[in-house]
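Working through the structure, step by step
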Amino acid sequence: MSDNVKQHENGGIPIYLDPDQPLEKRVDDLVSRLTLEEKVSQMIYASSAIPRLGIPEYNWWNECLHGVARAGIATVFPQAIGMAASFNDKLLYRVACAISDEARAKHHEFVRQGDRGIYKGLTFWSPNINIFRDPRWGRGQETYGEDPYLTGRMGVAFVKGIQGDHPKYLKAIATPKHYAVHSGPEPLRHSFDARVSQKDLRETYLPAFKECVKEGKAASIMGAYNRTNGEPCCASPTLLQKILRDEWGFDGYVVSDCGAIYDIHAHHKVTNTPEESAALAVNAGCDLNCGRVFESLVNAVKQGLVSEEIIDRAVKRLFKARFKLGMFDPPERVPYAQISYEVNDCEEHRRLALEMARESMVLLKNEGGLLPLRKDLKAIAVIGPNADNKKVLLGNYNGTPSKYVTALEGIRAKVSPQTKVYYAEGCDLTSTQSSYWGQEATAGFAEALAAAQRADVVIMCLGLSPELEGEEGDAARSTAGGDKTSLDLPGMQEELLKAVCATGKPVVLVLFSGSPVSINWAQENVPAILQAWYPGEEGGTAIADVLFGDYNPGGRLPVTFVKSLDQVPPFTDYSMKGRTYRYMEDEPLYPFGYGLSYTTFEYSNLKLSAEVIEAGQSITISVDVKNTGNMAGDEVVQLYLKDLEASVDVPIHELKGFSRIKLQPGETTTVTFTLTPRQMALIDNDGRCILEPGRFRVMVGGRQPDKRSEALAKTPILVGEFEVRGEPVELEY
């Protein structure tokens with residue numbers, strides 16, 4: 001068909017270039033003009049220009065896990081696991097809006113400069129909403145933790161903030177990943193078959209994806225490397241067609257993880273040739289290849305492995321996304337195209353990064369009220385390999401800040417001019433052996449001890465680093481291809497901590513990590529412990545704000561800190577039995593949902609809207625929360641539900657609601673939750689969603705209703721019960 005056939009009757013512009021024409025009509029018109037080779041060229045992540053139709057090249061690969069990544073200077077927010085610790089989806093939405101502002105600003109400026117390369121587009125392969133089921137997983141830092149409900153709420157907020165709320169245009173495209181059942185081990189991901197029960201699949205691994213698709217309206221999904229129950233995720237009829245499109249009504253496009261189509265024949269051995277792998281994936285509903293295997297689709301069509309109609313389906317999905325981003329419309333028609341380049345890395349976004357970093361801080365211990373510290377202490381020692389380390393601010397999948405604030409810099413800026421701040425690295429992150437030339441791994445201890453002995457208080461900055469945990473190939477000093485083989489403090493860090501504590505000086509431990517660390521000795525012997533995660537460009541400011549009382553910490557752990565790996569099942573076992581707070585029987589070191597404050601909160605007046613409801617009705621739960629201390633602070637009000645009469649195994653209890661509130665001393669507020677029938681339903685052993693009649697227990701407080709949280713936090717939980725009457729009813733998943 002010639003390029004001039006489908007024009008307006010008056011001989012005007014082609015339909016696909018007319019912004020007043022319906023979207024579907026424009027997409028159909030454009031795709032009808034393409035040759036098979038041209039269509040296939042659009043299904044590769046680095047899609048080719050088609051000059052005769054005015055289609056520029058476009059690289060689909062971009063990242064914005066916690067800020068626009070890999071594209072130069074951008075605001076760097078705390079790593080995803082830290083943002084999850086805020087338990088504040090409203091704040092995460094604001095962060096995602098700021099990220100998408102910067103994304104638009106950078107994209108349009110790059111295009112003006114003639115740069116359409118990788119990491120310069122508007123299609124972002126974020127967020128990572130996999131469940132952090134095992135503390136060894138190096139990429140757990142990229143997730144929102146171990147809980148499906150928290151992950152779903154944070155994921156939806158992020159997707160909405162990235163994609164915007166315009167009725168016609170998408171601000172950018174969010175791509176929840178890695179679909180599905182993907183959570184390590186990293187070295188096995190290209191060949192591994194994650195065997196999982198239908199119950200675990202739908203109870204744990206799929207809910208956040210469902211929420212991001214159905215509520216968040218995510219325009220894209222990324223398939224995982226692994227197989228799930230035998231099917232390669234990027235070529236899985238079950239995942240991509242039956243569940244994603246047929247059940248959830250997803251109408252966007254699916255992109256493969258990078259190299260995942262190659263894995264189908266090279267590592268999974270499901271197919272024999274690139275043509276077979278490409279055809280299997282596209283037939284199942286994968287539309288875009290991060291990789292080059294889809295170049296084989298031209299031959300696959302000729303071999304009869306896939307039809308050109310199926311190719312058209314994929315290409316239309318891709319062009320629909322580009323049209324919705326406004327890429328074929330005059331810029332003045334696209335409001336997001338007007339965002340100024342100056343919004344990138346602006347002061348307002350730096351302040352937002354600080355706000356999120358503050359809210360991500362989790363106070364794990366504060367014996368004797370050691371914290372907050374006085375700013376006018378005579379001398380402070382700041383010790384440890386993470387005290388002045390820029391990398392631990394960033395995590396992975398990060399941009400580059402224009403200004404870094406390390407813990408040391410934040411502390412120096414916070415204390416009085418008269419306060420002497422001593423600094424010593426003490427040891428490096430990992431060394432346990434003497435160097436080739438004989439320098440011992442403890443060579444820095446003497447300097448650290450000298451600093452500690454001269455200080456009124458010691459702040460120890462220890463933990464992990466993105467060099468030790470992350471994606472396969474990225475974490476250069478990992479002992480397991482990005483994963484961890486131990487949860488202990490690496491290197492000589494614990495020995496350094498013990499030596500400093502032996503001086504008798506008060507010690508505060510600031511722990512940097514993207515995952516649980518088994519700091520059992522520290523919990524027993526160090527009076528104050530602050531979990532800082534990988535806190536972003538303003539991390540040092542946020543840490544100092546907390547340590548010196550300018551901010552009262554209110555973060556909560558989004559993942560269980562176990563005492564040791566003896567408490568978790570084998571890494572390759574994807575059953576949830578014994579995993580996470582929902583199914584773990586052992587007592588953890590620090591529980592999910594735990595975190596302390598400098599003030600105290602009192603809960604009272606728990607009210608349920610009814611004691612008995614009919615199956616299919618919702619119930620409202622309200623509680624009064626009062627700040628009974630003398631300092632303003634945040635409280636994360638948490639609601640957990642327990643099905644007392646379930647016909648199958650169900651979680652010990654499950655988070656079903658949370659609300660982060662700010663209260664002045666003496667102030668009281670009422671927090672209200674609504675439990676829907678869907679939230680009361682269980683997943684049976686066949687993967688069906690069933691609302692069963694019976695009794696349910698509701699537990700509300702500032703923590704999880706378990707014995708360890710009670711012992712650590714020493715706060716009560718309010719408990720109520722209600723009954724659901726009627727017949728069992730199957731609900732839409």
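Here is a short report on the structure shown in this document.

Conventions used here
Residues numbered from 1 in each chain as written. Predicted model: local features only at pLDDT ≥ 70, side-chain atom pairs only at ≥ 80, totals over all residues. Heavy atoms only, no water. Helix = DSSP H or I, 4+ residues; strand = E, 2+ residues; numbered from the N terminus. Buried < 20%, exposed > 50% of the residue type's maximum accessible area, 1.4 Å probe, protein only. Areas by Shrake-Rupley, 256 points an atom, 1.4 Å probe, with all protein chains shown as cover. Lys, Arg positive; Asp, Glu negative; His and termini not counted. Charge placed at Lys NZ, Arg CZ, Asp CG, Glu CD. Pairing = 2+ DSSP bridges. Right-handed = clockwise from strand over helix to strand, strands pointing away. 1 Å grid on protein atoms, 1.4 Å probe; cavity = no way out; pocket = protein on both sides within 12 Å on 5 of 7 lines; lining within 4 Å. Points joined across faces, edges and corners; volume = space filled by probe spheres on them. Nonpolar A, V, L, I, M, F, W, Y, C, P; charged D, E, K, R; others polar. Polar contact = N/O pair within 3.5 Å; in protein donor to acceptor, adjacent residues only side chain to side chain. Contact = heavy atoms within 4.5 Å. Salt bridge = Lys/Arg side-chain N within 4 Å of Asp/Glu carboxyl O. Axes fitted to C-alpha atoms, helices over the stretch in contact; angles between N-to-C directions. Disulfide = S-S within 2.5 Å. Phe/Tyr/Trp six-rings, centres within 6.5 Å; stacked < 30°, edge-to-face > 60°. Lys NZ or Arg CZ within 6 Å of the ring centre and 35° of its normal.

Notes on the overall build of the chain
- A count of helices and strands for the chain gives 22 helices and 26 strands.
- When the backbone C-alpha atoms are referred to their principal axes, the chain occupies close to 85 × 70 × 50 Å.
- Counting all 733 residues of the chain, 63% fall into the buried class.
- Accessible surface for the chain amounts to roughly 25900 Å². Of this, 48% is attributable to carbon and sulfur atoms.
- Positive and negative charge centroids in the chain, built from 80 and 97 side chains respectively, lie 2 Å apart.

Overview of the pairing of strand E15 (residues 528–531)
- Taking every second residue as pointing to the same face, both faces of E15 are buried, with Ala 528 and Leu 530 on one and Ile 529 and Gln 531 on the other.
- Both strand E10 (residues 362–366) and E15 contribute to a ladder of 4 bridges, which runs antiparallel. When the sheet's bridge partners are listed, Val 362 is paired in E15 with Gln 531.
- When strand E14 (residues 507–512) meets E15, the two strands line up parallel, connected through 4 bridges. What sits directly across from Val 508, in E15, is Ala 528.
- In this view, the connection linking E14 to its parallel neighbour E15 by way of helix H18 (residues 520–525) has right-handed handedness.

With respect to the layout of surface pockets
- Volume-wise, the largest pocket comes out at about 790 Å³.
- What lines the largest pocket is a set of 34 residues, and nearest its centre among them are Tyr 149, Leu 655, Lys 656, Arg 678 and Gln 679.
- If you list the elements that add at least two residues to the lining of the largest pocket, you get helix H5 (148–163), helix H6 (198–205), helix H7 (207–214), strand E19 (633–643), strand E20 (654–663), strand E21 (668–675), helix H21 (677–680) and strand E22 (682–683).
- No other element matches the 6 residues that E20 contributes to the lining of the largest pocket.
- Residues that form the lining of the largest pocket fall into these classes: 14 nonpolar, 7 polar and 13 charged.

Focus on the side chain of Arg 703
- Mapping Arg 703 onto the fold places it in the loop between strand E24 (694–701) and helix H22 (707–713).
- One polar contact links the side chain of Arg 703 to the main-chain carbonyl oxygen of Thr 715, over a distance of 2.5 Å.
- Residue contacts for Arg 703: discarding those within four places in its chain leaves Gly 593, Gln 638, Tyr 640, Ser 709, Glu 710, Ala 713, Thr 715, Pro 716 and Ile 717.

With respect to the environment of Asp 488
- Assignment of secondary structure puts Asp 488 in the loop between strand E13 (457–463) and helix H17 (493–501).
- Residue classification places Asp 488 among the partly exposed residues on the basis of a relative accessible area of 46%.
- It is 63 Å that separates the C-alpha atoms of Asp 488 and Pro 14, two residues lying 474 residues apart in sequence.
- Once you skip the residues sitting within four places of it in the chain, Asp 488 turns out to touch Val 517 and Ser 518.

Side note on the sheet that holds strand E5 (residues 193–194)
- Taken together, the 3 strands give an open sheet; going across it, the order is E5-E7-E8, and neighbouring strands pair in mixed fashion. Each end of this open sheet is capped by a strand with a single partner; those strands are E5 and strand E8 (231–232).
- With 2 bridges connecting them, strand E7 (residues 227–228) and E8 associate as antiparallel partners. Each bridged residue has a counterpart across the sheet, and for Thr 228 the counterpart in E8 is Glu 231.

Remarks on the pattern of salt bridges
- Following the criterion strictly, the structure yields 58 salt bridges and no others.
- Ionic pairing is found between Glu 367 and Lys 365, a salt bridge with its closest N-O pair at 3.6 Å.
- Judged by relative accessible area, Lys 365 falls into the buried class, the value being 9%.
- Across the salt bridge formed by Asp 684 and Arg 688, the nearest N and O atoms sit 2.9 Å from each other.

Some thoughts on the sheet that holds E21
- The strand order across the open sheet built from 3 strands is E16-E18-E21, with neighbouring strands paired in antiparallel fashion. In the strand order of this sheet, the two ends are held by strand E16 (601–608) and E21, each with one partner. Shown here is a sheet whose adjacent strand axes are inclined to one another by a mean of 20°, direction ignored.
- Both strand E18 (residues 619–627) and E21 contribute to a ladder of 8 bridges, which runs antiparallel. Each residue of the ladder has a partner; that of Ile 621, found in E21, is Phe 673.

Side note on unusual backbone geometry
- Each neighbour pair has its own omega, and for Lys 177 with His 178 the value is -5°, a cis peptide bond.
- Here His 178 is to be found in the loop between strand E4 (173–174) and E5.
- Here the residue pair Gly 184 and Pro 185 is connected by a cis peptide bond, since its omega of 0° sits within 30 degrees of zero.
- The topology assignment puts Pro 185 in the loop between E4 and E5.
- Residue Arg 70 is not a glycine yet carries a positive backbone phi of 60°.

Let's talk about the state of the cysteines
- Scanning the entire structure with this criterion turns up 1 disulfide.
- Disulfide pairing places Cys 258 opposite Cys 290 at an S-S distance of 2.1 Å. Residues Cys 258 and Cys 290 share a disulfide whose torsion about the S-S bond is about 90°; that sign makes it right-handed. With Cys 258 in the loop between strand E9 (253–255) and helix H9 (260–266) and Cys 290 in the loop between helix H10 (274–284) and helix H11 (297–302), this residue pair connects regions lying 32 residues apart in the sequence.

Comments concerning the packing of aromatic side chains
- Tallied over the entire structure, the rule returns 23 aromatic pairs.
- Between Tyr 45 and Trp 61 the ring centres are 5.8 Å apart and the planes differ by 75°, which places this aromatic pair in the edge-to-face class. Within this pair, whereas Tyr 45 is found in the loop between helix H2 (36–41) and strand E1 (46–47), its partner Trp 61 is found in the loop between strand E2 (58–59) and helix H3 (80–85), the two being separated by 16 residues in sequence.
- With centroids separated by 4.5 Å and ring planes inclined at 10°, the aromatic side chains of Tyr 581 and Phe 592 adopt a geometry described as stacked. Placement of Tyr 581 in helix H20 (residues 580–583) and of Phe 592 in the loop between H20 and E16 is noted, with a sequence separation of 11 residues between them. We note that Tyr 581, like Phe 592, is buried.
- One aromatic cluster is present, built from ring pairs that chain together Phe 87, Tyr 149, Tyr 581, Phe 592, Tyr 640 and Phe 658.
- Here the guanidinium or amino end of Lys 120 rests over the ring plane of Phe 110, the centre of that ring lying 4.7 Å away.

Considerations on the environment of Thr 419
- Considering the arrangement of structural elements, one finds Thr 419 in the loop between helix H15 (407–414) and strand E12 (420–424).
- Each C-alpha atom of the pair Thr 419 and Asp 566 lies 44 Å from the other, and the pair is 147 residues apart in sequence.
- With sequence-adjacent residues up to four places away left out, Thr 419 is seen in contact with Lys 375, Asp 376, Leu 377, Lys 378, Ala 379 and Ile 380.
- Separated by 3.1 Å, the side chain of Thr 419 and the backbone oxygen of Lys 375 make a polar contact.

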